[in-house]
Structure formats: structure tokens, C-alpha cells
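# Chains, contacts and geometry: an overview
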Amino acid sequence: MCGRFTLNQSAAGLSQVFHVESVPDLAAEYNIAPTQMVATVLQNPESEKREFKQLHWGLIPSWAKDAGMGAKLINARAETVAEKPAFRSAFKHRRCLVLADGFYEWQRQQGKKQPFYFRLQDGQPFGFAGLWEKWRSSANEEIISCTILTTAANELLQPIHERMPVILEPQDYDLWLDLQVQTPQNLQQLLRPYPAPAMTAYPVSTLVNNARHNNSQCIIPLSEKNAPANQLN
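Let me begin by describing the structure that accompanies this report.

About the cut-offs
Residues numbered from 1 in each chain as written. Predicted model: local features only at pLDDT ≥ 70, side-chain atom pairs only at ≥ 80, totals over all residues. Heavy atoms only, no water. Phe/Tyr/Trp six-rings, centres within 6.5 Å; stacked < 30°, edge-to-face > 60°. Helix = DSSP H or I, 4+ residues; strand = E, 2+ residues; numbered from the N terminus. Buried < 20%, exposed > 50% of the residue type's maximum accessible area, 1.4 Å probe, protein only. Lys NZ or Arg CZ within 6 Å of the ring centre and 35° of its normal. Salt bridge = Lys/Arg side-chain N within 4 Å of Asp/Glu carboxyl O.

Attention now goes to the packing of aromatic side chains. The full count for this structure, using the stated rule, is 10 aromatic pairs. Here the aromatic rings of F5 and F128 are separated by 5.5 Å at their centres, their planes lie at 90°, and the arrangement is edge-to-face. With F5 in strand β1 (residues 5-7) and F128 in strand β9 (residues 126-136), this residue pair connects regions lying 123 residues apart in the sequence. Each member of the pair, F5 as well as F128, carries the same accessibility label: buried. The interplanar angle of 20° and the centroid separation of 5.6 Å between the aromatic rings of F18 and Y173 together place this pair among those described as stacked. Taken together, the residues F18 in helix α1 (residues 11-18) and Y173 in helix α3 (residues 173-177) connect sequence positions 155 residues apart. Like F18, the residue Y173 is buried in the burial classification. What links up through ring pairs into an aromatic cluster is the set F5, W57, F103, F118, F126 and F128. Here R95 stacks its cationic end above the ring of W176, 5.6 Å away from the centre of that ring.

What follows covers the pattern of salt bridges. With the rule as written, the count across this model stands at 7 salt bridges. A salt bridge links K53 to E51; its shortest N-O distance comes to 3.8 Å. We classify E51 as partly exposed; its relative accessible area is 23%. The residue R94 makes a salt bridge to E133 at a minimum N-O spacing of 3.0 Å. With R94 in the loop between α2 (88-93) and β6 (95-100) and E133 in strand β9, this residue pair connects regions lying 39 residues apart in the sequence.

Right under this line is the structure:
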């Protein structure tokens, strides 16, 4: 699964990498957690241009009775996303990139869960394969939410966890965002493990276990860590 990730990039850098004209200045995020707002890119159905949007992380299906369902749908399995009632419509019609530059996963060690930080070797931001949905409450409250797709772990992640988020290759962004593409077979081919040699990983402090910790201490390698365990941002 993917339950925490990071994004600490300049607006200009994100605009260049994701080919989006307008990206706001974003606060550095070192511990993005479910139900928070996340940075995404999707295709405008009218202009067919890419747009930056901030969406609620945790997909709320349009037919959900209440918004609480979103907390259970932060991830969607790539193998079944085209079939599951909560995701199949969005998979065809409402796909997005969830922007990140790293993510965390946990390994059980001697009865405890040790967090590891994963990123690309070159430190560049990347796009998780995401889906988005629009939900409206009986009181006419509108929430636009998203989920992150997961797939089998690559060789780097396998010792830590059996699943990993789908990181799309930049050359695949156009196909993933293209609203005219709705055939599952054309999309499923993109939902593969990211090449392990292009990634790096290292253990970090258990600070990240608490979503209130949201500073650069979260991503410092454990061997360099000297901050007190109760330090908050």
C-alpha cells in the first residue's frame, strides 16, 4: 500500500516536469497522510490541457452515503481497479497524477515497525497513478477526492513490503491522462512496478509514524538522525 509520502519541490520545477502552466507555491510536505489535501495533475475535459488541482486523499465514490468512506479507499489495487465498483468508473474517465518525490513503507523488525524512505535516484519528482472522483453530500457539500494505485513490489521494496505505489514513467503521463482512452487493456500495461535500479531507499526515524511530524527530520537517514523522538514541527 501507500500510506505516507513527501513533496518538497518548487512550483517552477513541478511546472516543468509535469508540463503544467500554473502551479502555486506549495509548502514543503515531509509526511503527507490520508485525508489530507494532495497535489495532483489532471486533464481538463474542455481544453484538454493539464491542470494542477489539490484533492482530498481518500476516494469517495459518487454513490457513497457519507464522506467517511474515503478513509478506507486511499489505495486501489492495479490488478482489480477496472472491476471494483468504487473505482471502475474513475478508472475509465477520471485519472490523475498524484505528485510526490518520495514515499514511506514499513518493515516489521523484532516486533516493531521500522519506516524506510523511497525515492528516485536522481531526486526528481514523479507522478503516482491516481484516480479522482466528485462527491456531493445531502447538504450540497462537494468534495473532489483521489486514490493512489498500487502494484506488486519491485526488487528494492520486496524485503520491506509486498506492494508499492504505481510510479508512472514520464513518457506515459499523456496516455494515463488522456480522457479519450478508456480501454482497460491500454491502461493496465502502465500499472507495473517501477524499475528498482532507478530508485534508492534507506531507514528513517519513527518520527514519521506520527502524521504531526512534518519536517525534514522525517527523511534524514537513520544513521544521521539525532533529533529527539518527540520533536514536532
